Amino acid sequence: MPGSDEVDRIVGAWSRERPDLDFAPMQVLSRVGRLAKHLDRARRTAFEASGLDYWEFDVLSALRRAGEPYQLSPKALLLQTLVSSGTMTNRIDRLVHRELVERRTDPHDGRGILVVLTIEGLARVDAAISTLLTSEAEVLDNLSPTEQERLAGLLRKLSLDFD
C-alpha cells in the first residue's frame, strides 16, 4: 500500500475533531473528486493542444463516434451531450463559424437538419483524442492493467444508478 495522501490527512483531522461520525465515504469520494480535478486539467491541456474547448470536443467527438459520414441531428447531439436545445444551437453556430462542422439538409427529411463534421473538425477531434488518451494513461500509470480493470468495474458499478 502506498503512503498517506491528502485525503488521509483530511479524514484524520476530521476523525480527531468529530469521532462520532463515520468518514468512510470520504475515503473514497474525496479521492474521486481530487482525481477528477487532475483529470479535468489533463483534458483541458489535451483539448487546448488541439485548439478546442471542452464543449467543442464534446460535440465533435459525438459526431466522430457516429462513424462515417460523421453526422447527427441536433436532437441526437442533445441526447449525447446533455445540454438544452438553446445551448446546442449556440454551440453548433459557433462550430459552424469555426468551420469545424456544417449544417446540411437531411436527405431523408427535407425539413430536418444534420450537423456534419468537416475535415478540419475531424483532424482536430482525432488529434485531441490521441493526446487525451496519452494524458489519461499517465494518470493511471501507477496501476497495473488488472488494477485498472478492477477500478473501472467498481466505478461502473457505482455510476450505473446515475446514467
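Before reading further, recall that the structure is shown in the block above.
Predicted, not measured: the structure shown is a model, and the values here were computed from it.

Calculation criteria
Residues numbered from 1 in each chain as written. Predicted model: local features only at pLDDT ≥ 70, side-chain atom pairs only at ≥ 80, totals over all residues. Heavy atoms only, no water. Pairing = 2+ DSSP bridges. Helix = DSSP H or I, 4+ residues; strand = E, 2+ residues; numbered from the N terminus. Contact = heavy atoms within 4.5 Å. Axes fitted to C-alpha atoms, helices over the stretch in contact; angles between N-to-C directions. Patch = residues over 30% accessible without salt bridge, like charges linked within 9 Å, V, L, I, M, F, W, Y side chains within 5 Å. Areas by Shrake-Rupley, 256 points an atom, 1.4 Å probe, with all protein chains shown as cover. Salt bridge = Lys/Arg side-chain N within 4 Å of Asp/Glu carboxyl O. 1 Å grid on protein atoms, 1.4 Å probe; cavity = no way out; pocket = protein on both sides within 12 Å on 5 of 7 lines; lining within 4 Å. Points joined across faces, edges and corners; volume = space filled by probe spheres on them. Nonpolar A, V, L, I, M, F, W, Y, C, P; charged D, E, K, R; others polar.

Asks: Explanation requested: the sheet that holds strand E1 (residues 71-72) in the structure shown.
Replies: Sheet strands line up and pair through hydrogen bonds in the backbone, either parallel or antiparallel. In spatial order, the strands read E1-E3-E2; together these 3 strands make up an open sheet with antiparallel pairing. Two strands lie at the open edges of the sheet, namely E1 and strand E2 (101-106), each paired on one side alone. Across 6 bridges, E2 lies against strand E3 (residues 109-117) in antiparallel orientation. Directly across from Val101, in E3, lies its bridge partner Leu117. Most of the contacts of helix H5 (residues 85-97) go to E2, to which it runs at about 115°, and overall it touches E2 and E3.

Asks: Would you mind showing me how to read a nonpolar patch on the surface here?
Replies: A contiguous nonpolar surface patch, about 610 Å² in accessible area, is contributed by Val28, Leu29, Val32, Val139, Leu140, Leu151, Leu155 and Leu158. Elements with a minimum of two residues in the nonpolar patch: helix H2 (24-49) and helix H7 (145-159).

Asks: What's the story with the layout of surface pockets in this structure? I'm lost.
Replies: To locate leftover empty space, one rolls a probe as large as a water molecule over the atoms. Computed from the structure, the largest pocket encloses a volume of approximately 1800 Å³. Forming the boundary of the largest pocket are 30 residues, of which Leu35, Leu140, Leu143, Leu151 and Leu155 lie nearest the centre. Among the elements of the structure, helix H1 (6-17), H2, helix H6 (119-139) and H7 are those that each provide at least two residues to the lining of the largest pocket. At 10 residues, H2 tops the list of elements feeding residues into the lining of the largest pocket. Class assignment of the residues belonging to the lining of the largest pocket gives a composition of 16 nonpolar, 5 polar and 9 charged. If you go around the second largest pocket, you meet 13 residues; those closest to its centre are Phe57, Ser61, Arg65, Ile129 and Leu132. At the level of elements, H2, helix H3 (54-65) and H6 are the ones that each hand at least two residues to the lining of the second largest pocket. Broken down by element, the lining of the second largest pocket gets its largest block of residues, 6 residues, from H3.

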